[in-house]
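Descriptive structure summary
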Amino acid sequence: MSDLGHVLVLAGGLSYEREVSLRSGRRVSEVLRATGVDVETRDTDASLVPSVLADPPDAVFVTLHGGAGEDGAIRSVLELLNVAYVGADPDACRVAFDKPTAKAVVRSVGLRTPESVTLPKETFHDLGATVVLGRIVERLGLPLFVKPARGGSALGASFVPTAEELPAAMVGCFAYGDTALIEQYVDGVEVAVSVVDLGDGPVALPAVEIVPDEGVYDYAARYTAGHTEFFAPARLSAQAAAACAETAVTAHTALGLRDISRTDLIVDAAGVPHFLEVNVAPGMTETSLLPMAAEAAGRDLGELCRTLLQIAASRSRAS
C-alpha cells in the first residue's frame, strides 16, 4: 500500500442524523491528523463535486449516517468521479440499508433474526390501522419493537410492551420514514460487533455490550455521555462471543460489504445471537461502538482509519 496524499472526510449531509455525522467526521479527522495524514473535512453541498474535480483526494472516508450516506447515493457519485472511498459499494449499501431486505439476506444464509412484518404507511392507513395492528399482535405476539425500515440512530424506534402502545409507536416511526419494520422483541444482551477487513479478509473486533440506563438504547442513550454503560469486550461466554463474531462476519460477507461494518445483535439466554441490522457507515463519535471495539482489540483508531484509506486508494489504482 502506498502512502497517502490528502484525504477527504465527508460529514454532515441532510439526514436526521446530521449532527451525529458531523461528530463522527470530526473524530475521524482528528485521529487521522494524529497519524500525519493531510485531512480535509467537507459537507455534501453543491461545492463538493467541483472541489473534488479540481483537486481529487487520494481517498474518501464517508462518515455520513442515514440517507445518502448509507443508501449508496453518495458512493455512486464518488464512483462517477473516479474517487476511491472506504466501505461498501453502492449496490451492497442499498441492500444493507433496507432492514427488511438485509434480514431476508442473512436469514437465507442461516442466521437468526427476529420474525417481523414490514408495513408501508399507505397500507397502514388504507386497510385500517386497528385491524392490521391487531393481526400483527396476533401473529408476532408481545412485546414488539418498531423502527423505520431505513435509517439509524434509533430515530423513530420504540419498544412496545402492550398492544395499546403500538399505534403511537407506529405514528412515531412514520415521522422518520414511510415504512415500518415491526419485530418480535428478543430479550437478551444487546451487543454490537464491528467487522474490519485490512486486506486479509473480514475479521470481527470484540463485541461491545450495551446497557442503557433507561433500558432502551434510544437516540439520547446513544449520543449522550453517561446515559449508557458499555462493556468492551462484552460480558459473554467464550462460546457466545465466538458465535457473535461468526454472525457479524457472515452478515458482512453475505451482504457483500467491504472494508468496515457494524452488526447489531441480541444474544438470548441460550447464548444464541439474533441479527437486528447492519451499518455500513458506523458511528465514530466519542460514544460510538466501533472505536470502543478497536480500543478493546488494542488497535489505534487513527492507524485503523489510515490503513482503510490506503486499501481504498490501492484498490482504486489497481482497477
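The structure this text deals with has already been given above.
A brief look at the structure comes next. (Residues numbered from 1 in each chain as written. Predicted model: local features only at pLDDT ≥ 70, side-chain atom pairs only at ≥ 80, totals over all residues. Heavy atoms only, no water.)

**Focus: a nonpolar patch on the surface**
On the surface, a cluster of nonpolar side chains totalling about 220 Å² of accessible area is made up of Val49, Leu53 and Val77. Take Val77: it is sitting in helix H3 (residues 73-80). Relative accessible area serves as the criterion here: at 32%, Val77 is assigned to the partly exposed category. (Patch = residues over 30% accessible without salt bridge, like charges linked within 9 Å, V, L, I, M, F, W, Y side chains within 5 Å. Areas by Shrake-Rupley, 256 points an atom, 1.4 Å probe, with all protein chains shown as cover. Salt bridge = Lys/Arg side-chain N within 4 Å of Asp/Glu carboxyl O. Helix = DSSP H or I, 4+ residues; strand = E, 2+ residues; numbered from the N terminus. Buried < 20%, exposed > 50% of the residue type's maximum accessible area, 1.4 Å probe, protein only.)

**Quick word on empty space enclosed by the protein**
Within this structure, the stated rule accounts for three cavities of 30 Å³ or more. Of the volumes computed, that of the second largest cavity is approximately 60 Å³. If you go around the second largest cavity, the residues you meet are Phe61, Val62, Arg75, Val86, Ile260, Val280, Ala281, Pro282 and Met284. Of the residues contributing to the lining of the second largest cavity, the split by class is eight nonpolar, no polar and one charged. (1 Å grid on protein atoms, 1.4 Å probe; cavity = no way out; pocket = protein on both sides within 12 Å on 5 of 7 lines; lining within 4 Å. Points joined across faces, edges and corners; volume = space filled by probe spheres on them. Nonpolar A, V, L, I, M, F, W, Y, C, P; charged D, E, K, R; others polar.)

**Digging into the packing of helix H1 (residues 18-34) against helix H12 (residues 301-318)**
For any two helices packed against each other, one specifies the crossing angle of their axes together with the interaxial distance. In contact at an axis separation of 8 Å, H1 and H12 are set at 90° when each is read in the N-to-C sense. One finds that H1 runs roughly perpendicular with respect to H12. For the pair formed by H1 and H12, the contact residues are Arg27, Val28, Val31 and Leu32 on the first element and Leu301, Gly302, Cys305, Arg306 and Leu309 on the second. (Axes fitted to C-alpha atoms, helices over the stretch in contact; angles between N-to-C directions. Parallel < 35°, antiparallel > 145°, perpendicular 65-115°, else oblique. Contact = heavy atoms within 4.5 Å.)

**Remarks on helix H11 (residues 289-296)**
Along H11, six of the eight residues are buried, which leaves the element largely enclosed by surrounding structure. Turning to H11, its buried residues number three or more, namely Leu289, Leu290, Pro291, Met292, Ala293 and Ala294. Looking at the buried residues of H11, the elements they touch are H1, strand E8 (189-196), strand E10 (208-212), strand E11 (228-231), strand E12 (260-267) and H12. A positive backbone phi angle near 80° is found at Gly298, which sits one or two residues after H11.

**Overview of the sheet that holds strand E6 (residues 158-160)**
If you trace the four strands from one edge of the open sheet to the other, you get E4-E7-E5-E6, paired in antiparallel fashion. Each edge of the open sheet carries a strand with a single partner, namely strand E4 (116-120) and E6. The average angle at which neighbouring strand axes cross in this sheet is 20°, direction not considered. For E4 and strand E7 (residues 179-184), the ladder comprises five bridges, and the chain directions are antiparallel. Paired with Leu119 across the bridge in E7 is Ala180. Contacts from helix H7 (residues 129-140) reach E4, strand E5 (144-148) and E7 within the one sheet, and its direction differs from that of E4 by about 165°. (Pairing = 2+ DSSP bridges.)

**Considering the sheet that holds strand E2 (residues 38-42)**
Spatially, E2-E1-E3 is the arrangement adopted by the three strands of the open sheet, whose pairing is parallel. Where the open sheet ends on each side, the last strands, each with one partner, are E2 and strand E3 (59-62). Pairs of neighbouring strands in the sheet enclose a mean axial angle of 25°, with direction left out of account. Sheet analysis places strand E1 (residues 6-10) next to E3, joined by four bridges and oriented parallel.

**A closer look at the environment of Val31**
Mapped onto the secondary structure, Val31 falls in helix H1. On the basis of relative accessibility, which here comes to 18%, the residue Val31 falls in the buried class. For the pair Val31 and Asp300, spaced 269 residues apart in sequence, the C-alpha separation works out to 8.8 Å. The contacts of Val31, once residues within four sequence positions are left out, are Leu301 and Gly302.

**Quick notes on the packing of helix H4 (residues 90-97) against helix H5 (residues 99-108)**
Between H4 and H5, the shortest axis-to-axis distance is 5 Å and the interhelical angle comes to 95°. Of the possible angle classes, the one that applies to H4 and H5 is roughly perpendicular. Across from Val95, Ala96 and Phe97 in H4, the residues of H5 making contact are Lys99, Thr101, Ala102 and Val105. Tallied by class, residues from the contact of H4 with H5 come to five nonpolar, one polar and one charged.

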